[in-house]
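Okay, here's what each chain looks like letter by letter:
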Amino acid sequence: MLFNSFHFVFFFIVTTTFYFVIPHKFRWVLLLGASCYFYMFFIPVYILILGFTIVIDYFAGIWLEKTHGTNKKWFLIASIIANLSVLAVFKYYNFLNENLSSLLNAIGYVNHIPQLGIILPIGLSFHTFQAMSYTIEVYRGNQRSEKNFGIYALYVMFYPQLVAGPIERPQNLLHQFYEKHTFEFGRVIEGLKLMLWGLFIKLVIADRLAIYVNAVYNNTSQHGGKTFIVATIFFAFQIYCDFAGYSNIAIGAAKILGFNLMTNFNRPYFSTSISEFWKRWHISLSSWFRDYMYISLGGNRVSIPRWYFNLFIVFMISGLWHGANWTFIIWGALNGFYLILAIIFDKWKRNVNFFLRLETCPKLNRAIQIVLTFILVCFAWIFFRANSLNEALYITKSIISFNGTLFIDYPSFLYGLGSILFLLYFEYRREYVSDSKLPIHTKKWMEEVLFYSMLIIIILMVGVFDGSQFIYFQF
Amino acid sequence: MAANLFIFNFKSVIVNKLMRICLFVLLVILSDNIFGLLLKTAYKNSQNSLISEIHYSLMETHEDILIFGSSRAQHHYVSDSISKITGCSVYNCGAGGQGLLFSLIQISNTLDRYVPKRIILDVSPNILTDQNSYQKLKILDPYYSSDTLIRKYLNNLPFERLKNISKIYPYNSLLYEIVTGNFIIRTNKSHGYIPIYGQINTNSLLLADSLENSNISPYPQFDYLKEIIDLCKSNEVDLFIIISPIYKRTFSDIMLIKEVNKIAQNRNVHFLDFSNSSLVLDYKCFKDNIHLNSHGANIFSKIIANSINSDHILSN
């Protein structure tokens, strides 16, 4: 079920009420049952796939802890292969098969391997990575294996973060299922505020911007460069608000229950470099790739060409994680390329700053860097959003030629611009005034009451209520 | 005593927090009612074309000939041209993006008030396979509490009853139209007709079949069509079902039009098929594959006016 639905509201109220009423020792059972129900609300039979990976990794964790030497490595490899196989079949099989067909056709052969007509299980990429982080941490000796099968299953399936993260680490989450959580008024209110803010940025900002973005990106032949620039900027905020909105609801829901999930976004569009952007955007995923892939490949403690290769390959695979399409791979590769260029031209950049005396104007310097980073990120978003590689190239070409007239749909334009400015104001406050997870942080409770009631009124007035899915659900 | 003091402090903290929650809830309810009332008043006064045309077509029409349908109706039938030839007053109630369910509601509301001499229903093949009719009806949310038929259909949407507890919700997504409509003076829209300009680019035409495997499944749009026909017959209204020109028909279009023809014949209503445009108009008359431009609309409207004005019904 979607977070922005009445089904979820009723489900959450019932689950939370029972959670605080029943004795502590049965709470994990309730949460596990609720998580199963939550997952089965999409396609019930897919719980068998989730169950399969949970069983594999549960036993893998126990065997990893007991075993030593080469066998230990083989258990880890077997667990990773099992997890990635499920991902490969459901997510990448058709993509690989299509590319094989293209390749064979190019040399005069025909591919007789059929396509699979299956729907991607929701949240597959997320819970697969979360499960893998468990087995890797047990292998590394950073985490004891979980002996309670139910608790381990709950670690993978915990419903607030089951379908779109944050991708948690066992060291952070597992022990929380054993802790007794009491009903704390302050914590519950904070959680509700987070959920409301998440709902606001999803329904009012993301879904409003989506109307314009979809009208442009789904009809590329009708539009020109000027329109694509606006649509791409709108998309940058759409995807941020969509994903950050989901994360806020997930973190807020978990907080109400007494669980602390990791922060997933930290005002990424205030980044002054691509490197900083990836420390602020989808933090749970980028840190996963850093800890389990980049560092395993050697990180930056290798020769320079190998370092660049590590960066490039990690980001390409990160792109592939997002979707089975060349556009996602190119998006990932572009980000890797940006990082490599930033390293290569770091000295040159410092020389330019010195020459232009930008150190004497730190605010101006920072503003320029933020804008430049945003432009680079937006350019990469073209590939993320475009329906095909050809379309992405067409859009890029149009933007460079700056052709066509600007497509103005006044309602969606005004809503879009207004909501972006609204968001940027509060993000600015959080960045430079008070570092808080919430848009406002004040001791004057009346101010908060007024602000949050205003959010509800705005949601009712301009929120999009057609139950649109969160973008990252498709990954 | 210390214990009593602790309990007293604890209770006062809880009471304090509960009071803040009650204040919050009260503020939300009060704001919802105040803004809801403001929006309701502003909506009624709005001269915005979308709102005023919907309102007029539902509540105020009194013309002899009414035209219903989607954007193809809106852009194809020049009310003034038809009026001149037929000698009757004409109003174009076409609504862009809407299907037959919307037309059914419009016609039903109209017939509750009076019986026009003729009703023209423009049926677009591309909307016959549309499965989102209820979702598109949300534009009628401001009438949810006052109109039984609209409420009946809107209640098919999930949790619509719950959402309409809010006084603001019916005006959701209409803020721009309401605000601008209260500051912009209404201009004459030619009795509902909206001209469009430009010419089709025949080189970049992309056609797609909306039917899978040429099977006419029982799409709900056909049920609405039958309901419209039955409603008009029971009120003794002269109904014309018209398929206006399409530049290039797809296989799906042809199959769907055949089905509409079958329904019209079974129920013995006038059916005029002008979809095969080459017999009627050339490419200069089209804005895109399914919409006539102003030039084409003027030519087509004269043909229609003559068709419905005579006993010899013209058709392809």
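Data block above holds the structure.
Computed from a predicted structure; not experimentally measured.

Colleague: Just checking my understanding: could you explain the overall build of chain A for this structure?
Modeller: A count of helical and extended segments in chain A gives 18 helices and zero strands. In summary, chain A has a C-alpha radius of gyration of 23 Å against a globular reference of 23 Å for 475 residues, a match within 12%. Here the C-alpha coordinates of chain A stretch approximately 70 × 60 × 50 Å along the principal axes. Residues counted as buried form 54% of the 475 residues belonging to chain A. Considering only contacts in chain A between residues 6 or more positions apart, those separated by 24 or more positions represent 75%. In the form shown here, chain A has an accessible surface area of approximately 21400 Å², with 68% of it arising from carbon and sulfur atoms. Positive and negative side-chain charges in chain A, numbering 36 and 23 respectively, have mean positions lying 5 Å apart.

Colleague: I'm lost on the packing of aromatic side chains in this one. Help?
Modeller: Geometry of an aromatic ring pair is reported as the spacing of the ring centres plus the angle between the planes. Residue and element names in this part refer to chain A. Taken as a whole, this structure holds 86 aromatic pairs over all chains when the rule is applied. When the ring centre of Trp321 is taken as origin, the NZ or CZ atom of Lys91, which lies over that ring, is 5.4 Å away. Sitting above the plane of the Phe402 ring, Lys226 keeps its charged end 4.9 Å from the centroid.

Colleague: Sorry if this is basic, but what is going on with the interface of chain B and chain A here?
Modeller: The extent of an interface is frequently quoted as the accessible surface area lost upon association of the parts. Chain B puts 25 residues into the contact, and the matching count from chain A is 25 residues. A combined buried area of about 2300 Å² lies between chain B and chain A, and 80% of that area is made up of carbon and sulfur atoms. Sorting the residues of chain B by area buried against chain A places Phe24, Phe159 and Tyr176 of chain B first, and these three jointly supply 23% of that buried surface. In this assembly, chain B and chain A are joined by zero salt bridges. Residues of the side of chain B that touches chain A, tallied by class, amount to 15 nonpolar, five polar and five charged.

Colleague: Help me understand the sheet that holds strand 2 (residues 90-92) of chain B in this model?
Modeller: The strands making up a sheet associate through backbone hydrogen bonding, with each pair oriented either parallel or antiparallel. Residue and element names in this part refer to chain B. In spatial order, the strands read 2-1-3-4-5; together these five strands make up an open sheet with parallel pairing. The open sheet is flanked by strand 2 and strand 5 (270-273), the only strands paired with a single partner. Strand-to-strand twist of the sheet, defined as the mean angle between neighbouring strand axes without regard to direction, takes the value 20°. The pairing of strand 3 (residues 118-122) with strand 4 (residues 238-243) spans five bridges and is parallel. The residue bridging Arg118 from the neighbouring strand is Asp238, located in strand 4. In this fold helix 5 (residues 100-113) packs onto strand 1 (65-68) and strand 3, with an angle of close to 155° to the strand it touches most, strand 1.

Colleague: Could you clarify how one ought to interpret the environment of Tyr294 of chain A in this entry?
Modeller: All names here are of chain A. Tracing the chain through its elements places Tyr294 in helix 11 (residues 283-294). When the C-alpha atoms of Tyr294 and Asn310 are compared, they prove to be 6.3 Å apart, with 16 residues separating the residues in sequence. Dropping the residues within four chain positions of it, Tyr294 is found in contact with Phe289, Gly299, Asn300, Trp307, Asn310, Leu311 and Val314. In terms of polar contacts, Tyr294 uses its side chain to reach the side chain of Trp307, at 2.7 Å.

Colleague: Even after reading the chapter, I still don't get helix 1 (residues 6-21) of chain A, so can you show me in this structure?
Modeller: In an α-helix there are 3.6 residues to a turn, and that puts residues three or four apart on one side. All names here are of chain A. The first and last C-alpha atoms of helix 1 sit 23 Å apart over 16 residues, in line with the 22 Å expected at 1.5 Å per residue. Along helix 1, the positions that sit buried rather than exposed are Phe8, Phe11, Phe12, Thr15, Thr16, Tyr19 and Phe20. The arc that holds the buried residues of helix 1, viewed along the axis, is 140°, so those residues lie on one side.

Colleague: Which parts of the structure should I look at to understand a nonpolar patch on the surface?
Modeller: Side chains of Val9, Phe10 and Ile13 of chain A together with Leu162 and Ile165 of chain B sit close together on the surface and give an oily, nonpolar patch of about 440 Å² of accessible area. Take the nonpolar patch: its biggest share by element is three residues, from helix 1 of chain A. Within the fold, Phe10 of chain A resides in helix 1.

Colleague: In this structure, what is going on with the pairing of strand 5 of chain B? I would like to understand it.
Modeller: A regular strand places its side chains on the two faces of the sheet in alternate fashion. All names here are of chain B. By the bridge criterion, four bridges tie strand 4 to strand 5 in an arrangement that is parallel. By the bridge assignment for strand 5, Ile242 is matched with Leu272. Tracing the backbone out of strand 4, into helix 11 (residues 251-266) and back to the parallel element strand 5 gives a crossover that is right-handed.

Colleague: Would you take a moment to explain unusual backbone geometry for this structure?
Modeller: Negative phi values dominate among residues other than glycine, just as trans dominates among peptide bonds. The amide bond that connects Gly165 of chain A to the next residue, Pro166 of chain A, takes the cis arrangement and shows omega of 5°. Assignment of secondary structure puts Pro166 of chain A in the loop between helix 6 (149-157) and helix 7 (170-173). Even without glycine at this site, His282 of chain A takes up a positive phi of about 40°. Its location among the elements puts His282 of chain A in the loop between helix 10 (274-280) and helix 11. For His282 of chain A, a relative accessible area of 1% gives the class buried. Residues other than glycine seldom take positive phi values, yet Ser173 of chain B does so here, at roughly 70°. Along the chain, the position of Ser173 of chain B falls in the loop between helix 8 (160-163) and helix 9 (175-181). On the accessibility criterion, Ser173 of chain B (28% relative accessible area) is partly exposed.

Colleague: Is there a simple way to think about the pattern of salt bridges in this case?
Modeller: When the charged atoms of two side chains with opposite charge come close together, those side chains can pair. One pass over the structure, following the stated rule, counts 20 salt bridges over all chains. With a shortest N-O distance of 2.6 Å, Arg267 of chain A and Glu431 of chain A are connected by a salt bridge. Of this pair, Arg267 of chain A sits in the loop between helix 9 (225-257) and helix 10 while Glu431 of chain A sits in helix 17 (residues 410-432), and the two are 164 residues apart along the sequence. Close ionic contact of Asp230 of chain B with Arg267 of chain B constitutes a salt bridge, the shortest N to O distance being 3.2 Å. Remark: Arg267 of chain B occurs in the loop between helix 11 and strand 5 and Asp230 of chain B occurs in helix 10 (residues 220-234); sequence separation between them is 37 residues. Using a relative accessible area of 25% as the deciding quantity, one classes Arg267 of chain B as partly exposed. Connected through salt bridges with shared partners, the residues Arg267, Glu276, Arg280, Arg366 and Glu431 of chain A form a single ionic network.

Colleague: Would you take a moment to explain the packing of helix 4 (residues 70-106) of chain A against helix 12 (residues 304-322) of chain A for this structure?
Modeller: Packed helices, taken two at a time, are described by their axes: the angle between them and the distance between them. Residues and elements named next belong to chain A. At their nearest, the axes of helix 4 and helix 12 sit 10 Å apart, and the two run at 105° to each other. For the element pair helix 4 / helix 12, the angle class is roughly perpendicular. Contact residues: helix 4 offers Lys91, Tyr92 and Phe95, while helix 12 offers Leu320, Trp321 and His322. A per-class count over the contact of helix 4 with helix 12 returns four nonpolar, one polar and one charged.

Calculation criteria
- Residues numbered from 1 in each chain as written.
- Chains lettered and ligands numbered in written order.
- Predicted model: local features only at pLDDT ≥ 70, side-chain atom pairs only at ≥ 80, totals over all residues.
- Heavy atoms only, no water.
- Helix = DSSP H or I, 4+ residues; strand = E, 2+ residues; numbered from the N terminus.
- Rg over C-alpha atoms; globule rule 2.2 N^0.38 Å.
- Buried < 20%, exposed > 50% of the residue type's maximum accessible area, 1.4 Å probe, protein only.
- Contact = heavy atoms within 4.5 Å.
- Areas by Shrake-Rupley, 256 points an atom, 1.4 Å probe, with all protein chains shown as cover.
- Lys, Arg positive; Asp, Glu negative; His and termini not counted.
- Charge placed at Lys NZ, Arg CZ, Asp CG, Glu CD.
- Phe/Tyr/Trp six-rings, centres within 6.5 Å; stacked < 30°, edge-to-face > 60°.
- Lys NZ or Arg CZ within 6 Å of the ring centre and 35° of its normal.
- Buried area = accessible area lost by both parts, 1.4 Å probe.
- Salt bridge = Lys/Arg side-chain N within 4 Å of Asp/Glu carboxyl O.
- Nonpolar A, V, L, I, M, F, W, Y, C, P; charged D, E, K, R; others polar.
- Pairing = 2+ DSSP bridges.
- Axes fitted to C-alpha atoms, helices over the stretch in contact; angles between N-to-C directions.
- Polar contact = N/O pair within 3.5 Å; in protein donor to acceptor, adjacent residues only side chain to side chain.
- Expected span 1.5 Å × (residues − 1).
- Arc of directions from axis to C-beta.
- Patch = residues over 30% accessible without salt bridge, like charges linked within 9 Å, V, L, I, M, F, W, Y side chains within 5 Å.
- Right-handed = clockwise from strand over helix to strand, strands pointing away.
- Parallel < 35°, antiparallel > 145°, perpendicular 65-115°, else oblique.

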